[in-house]
Amino acid sequence: MLARVIGTIVIILVLFAIISNPQDAASNTREGASTLADAGTSITVFLSSVVENLAGTTTSYTGTTYYPSGGIETGDGSTPTLR
C-alpha cells in the first residue's frame, strides 16, 4: 500500500516537472541517460578487466568518444556551445 502511494507521488512530481519546464526536463533526462551509459561502459571495462586478469590475458581498452550533434572538437575534450 505504501509503495503504491509513493509511486503515485513520484509519477505526479515527474509529470509536474515535465509540464512546468519541458526543456529542462529533456536536458536532465539526456544528462541522466548519458551518465547511465558512461556507468555501463565503466562497469563493462571493469568486468572485462577482472575476467582477463583471471584468465591471464591482457588487452587494452580503446574507448569511443561521442560528440553532440553539430559539435566541434577543440582538442582538449570540450565542445563549445554554438549560438
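All values derive from a computational prediction rather than experimental measurement.

1. Quick look at the overall build of the protein
So, step 1. Within the protein, the secondary structure is distributed over 2 helices and 0 strands.
So, step 2. Here the protein holds 83 residues, and 1% of them are scored as buried.
So, step 3. Carbon and sulfur atoms form 64% of the exposed surface of the protein, whose accessible area is close to 7,400 Å².

2. What to know about a nonpolar patch on the surface
So, step 1. Together, Met1, Leu2, Val5, Ile6, Ile9, Val10, Ile11, Leu13, Val14, Leu15, Ile18 and Ile19 line one region of the surface with nonpolar side chains, adding up to about 1,200 Å² of accessible area.
So, step 2. Mapped onto the elements, Met1 comes out in the segment before helix H1 (2-20).

3. Things to note about helix H2 (residues 22-55)
So, step 1. An ideal rise of 1.5 Å per residue puts 50 Å on 34 residues; H2 measures up with 49 Å between its terminal C-alpha atoms.
So, step 2. A positive phi of about 85° marks Gly56, the residue just after H2.

The rules behind the values
- Residues numbered from 1 in each chain as written.
- Predicted model: local features only at pLDDT ≥ 70, side-chain atom pairs only at ≥ 80, totals over all residues.
- Heavy atoms only, no water.
- Helix = DSSP H or I, 4+ residues; strand = E, 2+ residues; numbered from the N terminus.
- Buried < 20%, exposed > 50% of the residue type's maximum accessible area, 1.4 Å probe, protein only.
- Areas by Shrake-Rupley, 256 points an atom, 1.4 Å probe, with all protein chains shown as cover.
- Patch = residues over 30% accessible without salt bridge, like charges linked within 9 Å, V, L, I, M, F, W, Y side chains within 5 Å.
- Salt bridge = Lys/Arg side-chain N within 4 Å of Asp/Glu carboxyl O.
- Expected span 1.5 Å × (residues − 1).

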